[in-house]
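# Reading the structure
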Amino acid sequence: MPREDLEQVLDVLLDNATRYAGEGATVVVTAQVRGDEAVVRVEDDGPGVPDDDWDRVTERFWRGSSAEPGSGLGLSIAAALTAARGGELRLGPRPGGGTLAEVRLPVPERPGIGPSVAPPGGSGVSP
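Values in this document were obtained by computation on a predicted structure and should not be read as measured data.

### Digging into the overall build of the protein chain
On a plain count of helices and strands, the protein chain comes out with 2 helices and 4 strands. Secondary structure elements in the protein chain, listed N-terminal to C-terminal, are α-β-β-α-β-β. Per-residue burial for the protein chain yields a buried fraction of 28% across its 127 residues. A separation of at least 24 residues holds for 53% of the contacts in the protein chain among residues at least 6 apart in sequence. When the accessible area of the protein chain is evaluated, it comes to approximately 8,100 Å², of which 52% is carbon and sulfur surface.

The following block contains the structure:
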């Protein structure tokens, strides 16, 4: 995925997490390589999304009941950019409350570089 596209996807996810999780919420970002894919997770412990709305969060122009301003395009664009590169954007409730966004992207094969292996308790992120 081109760097600019990845930056835009992460910007949308971080903006949503910090905007909608609410004051005092915690936002955690993790990244790792799992086999042949890179996984970036953005999770927060805010109020989350009502169960009935999860299927709609990536629809163009759809906005939740929040009073926060926005166009309703951010998550739909992030999902489209991710899909265009053979990846997937998964959104859902975070265990314990809040929201979990996960971007999964294929890791291109690079000659002479073996697979990344995560150390015990490590992130598995390659330099």
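### Here's the deal with the confidence of the model for the protein chain
Looking at the protein chain, pLDDT values average 80 and 73% of them are 70 or higher. Per-element confidence in the protein chain ranges from a low mean pLDDT of 89 for helix α2 (residues 74-84) to a high of 95 for strand β2 (residues 37-44).

Scoring rules and cut-offs
- Residues numbered from 1 in each chain as written.
- Predicted model: local features only at pLDDT ≥ 70, side-chain atom pairs only at ≥ 80, totals over all residues.
- Heavy atoms only, no water.
- Helix = DSSP H or I, 4+ residues; strand = E, 2+ residues; numbered from the N terminus.
- Buried < 20%, exposed > 50% of the residue type's maximum accessible area, 1.4 Å probe, protein only.
- Contact = heavy atoms within 4.5 Å.
- Areas by Shrake-Rupley, 256 points an atom, 1.4 Å probe, with all protein chains shown as cover.
- pLDDT = per-residue confidence, 0-100.

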